[in-house]
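Inside the fold
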Amino acid sequence: MEMDDALTKAPDSGGLPALFSDWFAGRGWQPRPHQLDLLARAQAGHSVLLIAPTGAGKTMAGFLPSLVDLHQSGPARPGEPVFGPHTLYVSPLKALAVDIERNLTQPVTEMDLPIRIETRTGDTSAHKRRRQKIVPPDILLTTPEQIALLIAQKDARRFFLRLKTIIFDELHSLVISKRGDLLALGLSRLRALAPGLQTIGLSATVAEPDDLCAWLAAQHDETTDNVGTGRSLADRIEVTGGARPQINIIETEERMPWSGHSARHAIPAIYEAVKAHRTSLLFVNTRSQAELLFQGLWAANADSLPIALHHGSLDQGQRRKVEAAMAAGKLRAVVATSTLDLGIDWGDVDLVIHVGAPKGASRLAQRIGRANHRMDEPSRGLLVPANRFEALECQAALNANYLGHQDTPALKPGALDVLCQHILGAAVAEPFDAVTLFNEITASESYRTLDWETFERCVDFVATGGYALRVYERHARIRKRKDGLWALTHPRIAQQYRLNVGTIVEAPMLLIRQIRRVSSIGRGGRALGKIEEGFIEALVKGDTFRFSGTTLRFEGIRENTVYVTPAQTEDARIPSYAGGKFPLSTYLADVVRGMLADPQSWDQLPPQVAGWLRLQAEKSLLPKRDQLLVETFPRADKFYMVAFPFEGRLAHQTLGMLLTRRLERAGARPLGFVASDYSIAVWGLRDMGAIFARGEPSLGALFDEDMLGDDLEDWLADSYMLKRTFRTCAVISGLIQRRHPGLEKTGRQVTVSTDLIYDVLREHEPDHILLQATRDDAASGLLDIRRLGEMLSRIKGRIVHQQLERVSPLSVPILLDIGREAVAGDANDDLIAEAAGIAPGELETGGDPWTNGAAVNDGIEPAIRQPRDRAGGRSEGRRRPARRRSSGNG
């Protein structure tokens, strides 16, 4: 928490009580103007959004109204009942709540305030939770899931009678997911339980401030109506200024890889940076990347520096030990995922290293802000691109950070499966009137546009399971009483609800079994290993893919097992692709396209990357910002099409599925495709360049927006993707319970139950509310249909076709992703040489084609000759001393 960064030049402390003014003065501080401004607005009864840079004292500003009010109210008199907390603090991370408790306790203790502060998260013991209901703290630090549980208690009205303020930390992160939808519904219920409730939102990175102001305000509230918008808005305080972050891109003498995400080539440089600083935080995007980076640093740790690992799969006790050691200054570095990228205040952190592309300008700003935590001192960060396209993305994010641009996702309408969960929770607390609950729900910004008919369908679903399922009594969880109120059908429903509340559903790994014939599905087979469900769910029967060096034919899924047969060809139709956790943001994608089209911007890039782009301009072309470049060329005995939409891997994977279906109908005989965040490659047995030149079909027709019609529906009907998405919706809505008193369903049991229900609903009730929720999820999540549709509209009439005789430099990275499970060899040397237009032997004896002869090798050669890393990538060459290149922004 930013307690020690409350310095300001403000001449006075306004209406701040003397005790607080003296505390500030005793530490040589004065309250900042925005802290006093927020206090005044809160004392006037307003809800407020505070947007301020890291180190501006946001947390102190958020808590100051509650601390002052509790001080002025004084402790409860002996024998006087205390009904519940005065203030709720809600954070997206358990670690953040623990960190806030530790830091908030200091000023409370030093001012001798009679205020009790406690945390309540999923890690809190059952004994402590029970005690908190009987003897509640004044300030309760908690999470969205605990809010849902608390408002579903029988005594919720009594418990929240005293509630006056809710503080939402890192609000931009809370509101963009289904977790945020659950919290929005909980906030609406709390407003009903505690009239006059005030909200305070804290955020450092905001793209659309009005959305957050609307989220904080009760809609239909005339006292906060913003004329002309149709929405009620909370007050907004924006703090400008602060030192700009100093961000550099690490550049090593080692050649930057063409593809992969491990960044092992840069580990010596990363280790040197850790050695040169007091304490470093190293962020990656996935848990597997965290494990690989941690192992690499330990292998390089000749000085035995204390380095730790922190991610969500680790035991909670281990995570807490790491957090405590970091807070005590006992560690030199921590490798972490998103578990630590929000609000954690470790003042001794003087460097943040982001390994891999950040995928968003706001995410980079958030993570770099973990360093220094002082408004008037710059945060310092290093970016480590893992491959050449990521170098472009890192530079784009760096430029955006320098300009102060943000790209946090826009607020979306609330999810229907979450709404169904909340309706059940309302009945768990007490019988409810449908009209009253509807008005309460639509007072939230997330569900402001919800219509009565959809709400009724959700209530009917909770009551019966829907038309096709109403014959099964177990789906009848609520019923309408004679007095018109809806109530639980049985007390055990309440217990099941409490065990299953929340929106986080872990996706299981699927076991691969190889069978001899399709008729053997479900009857054993040799186990080959496990694979991510997200890859398998997009396949249809007959697709081939590579696993463990073997080409396999996908035959189907039964429960949690994938059944495959040996493929008769070595050509994998859909090779496995291990992308990052986060898709490339729309904003960064646009900036990268702009960089490609502007040769003057290439001087900002590492020389080998700039040389790569110059050779691309010579051998093919680089598209303008609003164009789509499509290259076609032969290679070996196949023909390739590579397109560069730069729209993120989710949209590209959907595009690949649809393009191959269209090319199949056109007679191009496609064998498969592979997608990355930046491009997509399709290969087949016929010359696609000649097909497009004849207009059979034309590229304009191939990339027409109508592919999102029948082609999309046909593919979804054949794939398992919607079935898997439905499973998540079924679990969140409460149709399927993962946990029962005394036991927990296995992933296999959940899959069996949901698969059966999905088949029934598709046949007998295709407009079922959960199928609607499933399609909504697919459109904005796994398939990214909205973004794909926007891209197809953008490129209409702006497709540039380059019919080449050989692979282009820009196409090399995506072609290296094809068959990444295979052991690489001399064929990849030939691929590089072919793109450069030189003889393969020149790579061993001549200059580097990508840097105009400046070096002998260029990354891919040592990469393909070294042992493969655990993630399926390749070891990226020998180590050399690092040098750091300034970003030029401070």
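Residues numbered from 1 in each chain as written. Predicted model: local features only at pLDDT ≥ 70, side-chain atom pairs only at ≥ 80, totals over all residues. Heavy atoms only, no water.

1. Quick look at the overall build of the protein chain
- Of the regular secondary structure elements, the protein chain holds 34 helices and 30 strands.
- Within the protein chain, buried positions represent 61% of all 890 residues.
- Contacts spanning at least 24 positions in sequence make up 72% of the contacts within the protein chain whose residues lie at least 6 apart.
- Carbon and sulfur atoms form 49% of the exposed surface of the protein chain, whose accessible area is close to 34200 Å². (Helix = DSSP H or I, 4+ residues; strand = E, 2+ residues; numbered from the N terminus. Buried < 20%, exposed > 50% of the residue type's maximum accessible area, 1.4 Å probe, protein only. Contact = heavy atoms within 4.5 Å. Areas by Shrake-Rupley, 256 points an atom, 1.4 Å probe, with all protein chains shown as cover.)

2. A word on the nonpolar core
- With 86 residues, the main nonpolar core has Leu419, Ile423, Phe455, Ile478, Met641, Phe703 and Trp715 as its most contacted residues.
- No other element matches helix H16 (residues 416-429), which puts 9 residues into this core.
- Membership of the second largest hydrophobic core comes to 47 residues, among which are Val591, Leu596, Tyr678 and Val807. (Core = buried A, V, L, I, M, F, W, Y, C linked by side-chain atoms within 4.5 Å.)

3. Description of the packing of aromatic side chains
- Taken as a whole and judged by the stated rule, the model has 15 aromatic pairs.
- Summarising the aromatic geometry, the rings of Phe389 and Tyr678 are spaced 4.9 Å apart at their centres and angled 20° between planes, so their arrangement reads as stacked. Residue Phe389 is found in helix H15 (residues 388-403), and its partner Tyr678 is found in the loop between strand E25 (670-675) and strand E26 (680-684); the two are separated by 289 residues along the sequence.
- Since its relative accessible area comes to 4%, Phe389 is described here as buried. (Phe/Tyr/Trp six-rings, centres within 6.5 Å; stacked < 30°, edge-to-face > 60°.)

4. Some thoughts on helix H1 (residues 18-26)
- Among the residues of H1, Phe20, Ser21, Trp23 and Phe24 are the ones counted as buried. Along the axis of H1, the buried positions cluster into a sector of 160°, meaning they face one direction only. For H1, the exposed residues lying more than 90 degrees away from the buried face are Ala18, Asp22, Ala25 and Gly26.
- Remark: Gly28 follows H1 within two positions and exhibits a positive phi of approximately 80°. (Arc of directions from axis to C-beta.)

5. Here's the deal with the sheet that holds E26
- Read from one edge of the open sheet, 5 strands run E25-E26-E24-E23-E29, paired in mixed fashion. Across the chains shown, the open sheet's two edge strands, defined by having one partner strand only, are E25 and strand E29 (799-803). Taken over all neighbouring pairs, the strand axes of this sheet differ in orientation by 15° on average, direction set aside.
- Judged from the 6 bridges that link them, strand E23 (residues 628-635) and strand E24 (residues 638-643) form a sheet pairing that is antiparallel. (Pairing = 2+ DSSP bridges. Axes fitted to C-alpha atoms, helices over the stretch in contact; angles between N-to-C directions.)

6. Digging into the pattern of salt bridges
- Taken as a whole and assessed by the stated rule, the structure comprises 39 salt bridges.
- Note that Asp711 and Arg662 form a salt bridge whose closest N and O atoms lie 2.7 Å from each other. On the criterion of sequence distance, the pair formed by Asp711 in helix H26 (residues 710-718) and Arg662 in helix H23 (residues 649-665) is long-range, its members being 49 residues apart. Each member of the pair, Asp711 together with Arg662, is buried.
- With a closest N to O distance of 3.7 Å, Glu705 and Lys796 form a salt bridge. Note that Glu705 is positioned in the loop between helix H25 (699-702) and H26 and Lys796 in the loop between helix H30 (785-794) and E29, a separation of 91 residues in sequence.
- You can call Glu705 partly exposed: its relative accessible area is 33%. (Salt bridge = Lys/Arg side-chain N within 4 Å of Asp/Glu carboxyl O.)

7. Digging into the packing of helix H27 (residues 721-733) against helix H29 (residues 769-780)
- The contact between H27 and H29 brings their axes to 9 Å, and the two run at 120°. Here H29 runs oblique to H27, going by the angle between their axes. In this structure, the crossing between H27 and H29 has a hand that is right-handed. Contacts between H27 and H29 involve Leu722, Thr725, Phe726, Cys729, Ala730 and Ser733 from the first element and Leu770, Leu771, Ala773, Thr774, Asp777 and Ala778 from the second.
- Per-class residue counts for the contact of H27 with H29 are 8 nonpolar, 3 polar and 1 charged. (Parallel < 35°, antiparallel > 145°, perpendicular 65-115°, else oblique. Left-handed = near helix turned anticlockwise from the far one by under 90°. Nonpolar A, V, L, I, M, F, W, Y, C, P; charged D, E, K, R; others polar.)

8. Quick word on the pairing of E26
- By the criterion of burial, E26 is predominantly enclosed, with 5 of the 5 residues buried.
- Along E26, one buried face is formed by Ile680, Val682 and Gly684 and the opposite face, lined by Ala681 and Trp683, is buried too.
- Here E24 runs beside E26; their pairing, made up of 5 bridges, is antiparallel. Across the sheet, Phe639 pairs through a bridge with Gly684, a residue of E26.
- The sheet contact formed by E25 and E26 spans 5 bridges and is antiparallel. When the sheet's bridge partners are listed, Ala675 is paired in E26 with Ile680.
- Linking E25 to E26, which pair antiparallel, is a turn of 4 residues.

9. Brief notes about unusual backbone geometry
- The linkage connecting Glu696 with the following residue, Pro697, adopts the cis geometry, with an omega of 10°.
- In the Ramachandran plot, Asp112 falls in the positive-phi region, its phi being about 55° despite a non-glycine side chain.
- Within the secondary structure layout, Asp112 lies in the loop between helix H4 (94-110) and strand E3 (117-120).
- One non-glycine residue, Arg669, adopts positive backbone phi at about 55°.
- Looking at Arg669, the relative accessible area reads 48%, which means it is partly exposed.

10. A look at the environment of Tyr758
- Positionally, Tyr758 belongs in helix H28 (residues 747-764).
- Judged by relative accessible area, Tyr758 falls into the buried class, the value being 5%.
- Distance from Tyr758 to Ala730, taken between C-alpha atoms, is 9.3 Å for residues 28 residues apart in sequence.
- Not counting residues within four places of it along the chain, the set of residues in contact with Tyr758 comprises Leu722, Lys723, Phe726 and Leu771.

11. A closer look at the side chain of Arg120
- For Arg120, the position within the fold is in strand E3.
- Glu118 provides the closest opposite charge to the buried, salt-bridge-free Arg120, at an N-O distance of 7.7 Å.
- At 3.2 Å, the side chain of Arg120 and the side chain of Gln132 are in polar contact.
- Discounting residues that sit within four places of it in the chain, Arg120 has contacts with Arg129, Gln132, Leu140, Leu141, Thr142, Thr143, Gln146 and Leu150. (Lys, Arg positive; Asp, Glu negative; His and termini not counted. Polar contact = N/O pair within 3.5 Å; in protein donor to acceptor, adjacent residues only side chain to side chain.)

12. Some points on the side chain of His172
- As for its placement among the helices and strands, His172 is situated in helix H8 (residues 171-174).
- Judged by its relative accessible area of 9%, His172 falls in the buried class.
- A polar side-chain atom of His172 sits 2.9 Å from a polar atom in the side chain of Ser203.

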